[in-house]
Amino acid sequence: MGTLYQPLESPIQDLKVTIHNTSLVFPSQETPKKPMFLPNIDQVLNFDVQTLHFFNANPEFPPEIVTERLRIALSRVLVHYDFLAGRLRMNQESKRLEFDCNSDAGAVFMVASSELTLNEIGDLVYPNPGFRQLIVHENIDILEKDDKPLCILQVTSFKCGGFVMGFSTNHITFDGISFKTFLQNLASQAFDDDNNNPKPLAIVPCNDRTLLAARTPPRVTFPHVELLKLDVPIGEELNAKVFETLQEELDFNIFKLNSSDINSLKEKAKDENTPNSKITSFNVVTSYVWRCKALSYDDENNSERISTVLFAIDIRPRLNPPLPQSYAGNAVLTSYASAMCHELEEGPFSKIVDLVSQGGKRMDDEYARSAIDWGEINKGFPNGEFLLSSWWKLGFSQVEYPWGKPKYSCPVVCHRKEIILLFPNIDDGINNNNDGVNIFVALPPKQMKKFESYFNKFLLG
């Protein structure tokens, strides 16, 4: 049954990292200097995302060889992702953010080392505050104070010969799907043929973001209760502080569901009264987490409270015509499911899964276009009790580099009670560990105890 994740040992938080070199990397070929239009989905995502990709030692590829291969590969791939070598700016006429595709600005490439071995840094699944040392994204000495690169790659080697790639990218550059495509293309450019020429790109990216531009005139045809309008003056960016919550003490835990748990939840979701429910692994896990989170709320009248879970939907295949799968940018919108808390506690699990399923089905071409048009008229952001952010099936660890696949890939996480993360296990290739899911939860202590109680109770029920 589902369990609390227990780290193998207490993580070491001082990874003893030294930065040896910091440089700018530019496209290997000249690229045109031009502005790039950013659609409304991108306009509200002006914050950085950090990811880590750990690799075991490979005797044929010592860290110094890997580092040089990655520096060259990044230079090559920037030809096809020229915006990554540019900067974000506000267009003073349109009052919209746009990319200044100016390859003279460059991406940042950092070379570092740790005095520890990969094994010594501890459990890679368990979020370690020390992991922030593996992707330094502030106070970079070669940059001017106000110069904010869109892409930073830090390669940190360990004493054992293993290493980690740390990426910091502005969220406007990629969603999870397009970032995986970027990684596949970066990996392809790290390979050379017998004549030392790079291989072709794995997937040619589609950089035309006008494909997600609002309609003219915009037509908002749904109420979009999942979006909250903010009173922000025209031309002023949505400040990141809008998304910050009050400082409070939070406990955090990782809850595990293995493949048997997920299959059991799928069986509980089957009901002749909801024949059209889409019973997927994501839908049943989302429903289960929603139920536990909603009921853990610290409120005397919680049973009469309406709870809303938010989750991201990839709209590439849902548009008409479909968006290219290779679309490089953000092509996800927020969907939702809502219910009274007493319904979540007393009702059948199949009904909760049906609500989540219907939330996903809601996101068709017209709904997606209406949400994009809403952003043309209003400024705001997703509105709900919490967001379930899934890194579970993105497949970053399946990308093949010359030195092999990552041992593990993960985000650098923050403790936020309004965001719950799903991420995979380490795939050891033996025990099918990657079939399960890890659920990262941060809550005030009292709510955490209730969450854990419900998490165990409903699996047994």
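An account of the accompanying structure is given in this report. (Residues numbered from 1 in each chain as written. Predicted model: local features only at pLDDT ≥ 70, side-chain atom pairs only at ≥ 80, totals over all residues. Heavy atoms only, no water.)

**A short note on the overall build of the protein chain**
When you go through the protein chain residue by residue, the secondary structure sums to nine helices and 18 strands. Relative to the compact-globule value of 23 Å for 461 residues, the protein chain shows a C-alpha radius of gyration of 22 Å, a close match. If one aligns the C-alpha atoms of the protein chain with their principal axes, the spans along those axes are about 65 × 55 × 40 Å. Split into buried and exposed, the 461 residues of the protein chain put 52% on the buried side. Long-range pairs, those at least 24 residues apart, make up 81% of the contacts in the protein chain with a sequence separation of at least 6. Summed over its atoms, the accessible surface of the protein chain is roughly 21200 Å², and 49% of this surface lies on carbon and sulfur atoms. Of the side chains in the protein chain, 45 bear a positive and 59 a negative charge, and the two mean positions are spaced by 2 Å. (Helix = DSSP H or I, 4+ residues; strand = E, 2+ residues; numbered from the N terminus. Rg over C-alpha atoms; globule rule 2.2 N^0.38 Å. Buried < 20%, exposed > 50% of the residue type's maximum accessible area, 1.4 Å probe, protein only. Contact = heavy atoms within 4.5 Å. Areas by Shrake-Rupley, 256 points an atom, 1.4 Å probe, with all protein chains shown as cover. Lys, Arg positive; Asp, Glu negative; His and termini not counted. Charge placed at Lys NZ, Arg CZ, Asp CG, Glu CD.)

**Describing the nonpolar core**
Counting 130 residues, the largest nonpolar core has Phe54, Leu74, Phe182, Val285, Trp290 and Ile439 as its most contacted members. Tallying contributions element by element places helix H5 (residues 281-295) first for this core, with eight residues. Once residues lying within four places of it in the same chain are set aside, the contact partners of Phe54 are Leu118, Ile121, Leu124, Phe131, Leu134, Phe158, Phe163, Val164, Pro406, Lys407, Tyr408 and Cys410. (Core = buried A, V, L, I, M, F, W, Y, C linked by side-chain atoms within 4.5 Å.)

**Thoughts on the packing of aromatic side chains**
By the definition in use, this model includes 29 aromatic pairs. Cation over ring: Lys393 sits above Trp392, and NZ or CZ is 4.5 Å from the ring centre. (Phe/Tyr/Trp six-rings, centres within 6.5 Å; stacked < 30°, edge-to-face > 60°. Lys NZ or Arg CZ within 6 Å of the ring centre and 35° of its normal.)

**With respect to the layout of surface pockets**
Unoccupied space between atoms shows up once a probe the size of one water molecule is rolled over them. The space that makes up the second largest pocket amounts to roughly 330 Å³. Trp392, Gly395, Ser397, Gln398 and Pro424 are, among the 21 residues lining the second largest pocket, the residues nearest its centre. Sort the elements by how many residues they give to the lining of the second largest pocket and strand E16 (residues 408-411) lands first, with four residues. Partitioning the lining of the second largest pocket into residue classes produces 11 nonpolar, six polar and four charged. (1 Å grid on protein atoms, 1.4 Å probe; cavity = no way out; pocket = protein on both sides within 12 Å on 5 of 7 lines; lining within 4 Å. Points joined across faces, edges and corners; volume = space filled by probe spheres on them. Nonpolar A, V, L, I, M, F, W, Y, C, P; charged D, E, K, R; others polar.)

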